[in-house]
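Observations on the model geometry
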Amino acid sequence: MNTQKLLNMALNGVDAVGYRLDQFGITGKVNRHNIAAFLMAEQKHLEGEWDSIQVRVNRRRSQVEKITHQIECRTDALVSPVLSRINRFRASQ
């Protein structure tokens, strides 16, 4: 079935439920416009949450990269003198 047809059927169902509830005097707030507004607000809320998660992940990734870089730099500073002595020792033999 076509998604547009399904969407129209669902919206017509919402309108029918809203109309029936309104006839009984229960509420006038169940209609396609209020539901669409609610869904759009929730969509924006979820997008904001997703962006927040992405920022936290990227921040942690950046911290890990910084720590890895520092470790590599310190390792180079420690290993290069040892390697130069080993190379000098090999050259002298």
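Focus: the pattern of salt bridges
A full pass over the atoms with the stated rule returns one salt bridge. With a closest N to O distance of 3.4 Å, Lys44 and Glu47 form a salt bridge. Placement of both Lys44 and Glu47 in helix H2 (residues 32-92) is noted, with a separation of three residues, approximately one turn of the helix. Owing to a relative accessible area of 56%, Lys44 belongs among the exposed residues under this scheme. Looking at Glu47, the relative accessible area reads 33%, which means it is partly exposed.

Quick word on helix H1 (residues 3-23)
Compared with an ideal rise of 1.5 Å per residue, which puts 21 residues at 30 Å, H1 spans 30 Å between its outermost C-alpha atoms and is within 8% of the ideal. Where H1 begins, the capping side chain belongs to Asn2, and its oxygen is found 3.1 Å from the backbone nitrogen of Gln4. Gly25 occupies a position one or two residues after H1 and carries a positive phi of about 75°.

Quick notes on a nonpolar patch on the surface
Taken together, the side chains of Leu78, Val79, Val82, Leu83 and Ile86 present a nonpolar region at the surface, about 440 Å² in accessible area. One can find Leu78 in helix H2.

Conventions we followed
Each chain has its residues counted from 1, following the order in which its sequence is written. For this predicted model, a pLDDT threshold of at least 70 governs which residues receive local features, and a threshold of 80 or more governs which side-chain atom pairs are given and counted, while totals over whole chains, interfaces and linings are taken from all residues. To obtain the side-chain values, all non-hydrogen atoms of the structure were included, while hydrogens and water were left out. The working definition used for a salt bridge is a side-chain nitrogen of Lys or Arg within 4 Å of a carboxyl oxygen of Asp or Glu. Helix numbers and strand numbers start at the N terminus; a helix is a DSSP run of H or I with at least 4 residues, a strand a run of E with at least 2. Relative accessibility decides the category of a residue: with a 1.4 Å probe and only protein chains considered, values under 20% of the type maximum give buried, values over 50% give exposed, and everything between is partly exposed. Helices are assigned an expected span. That span is 1.5 Å times one less than the residue count. Polar contact is defined as a pair of N or O atoms within 3.5 Å, subject to the rule that within protein one atom must be able to donate a hydrogen and the other to accept it, and that residues adjacent in sequence are counted only when both atoms are side-chain atoms. Only residues above 30% relative accessible area that lack a salt bridge enter a patch, with like-charged residues linked at up to 9 Å and the nonpolar side chains Val, Leu, Ile, Met, Phe, Trp and Tyr linked at up to 5 Å. All accessible areas in this document rest on Shrake-Rupley with a 1.4 Å probe, and a residue is counted as covered only by the protein chains that are shown.

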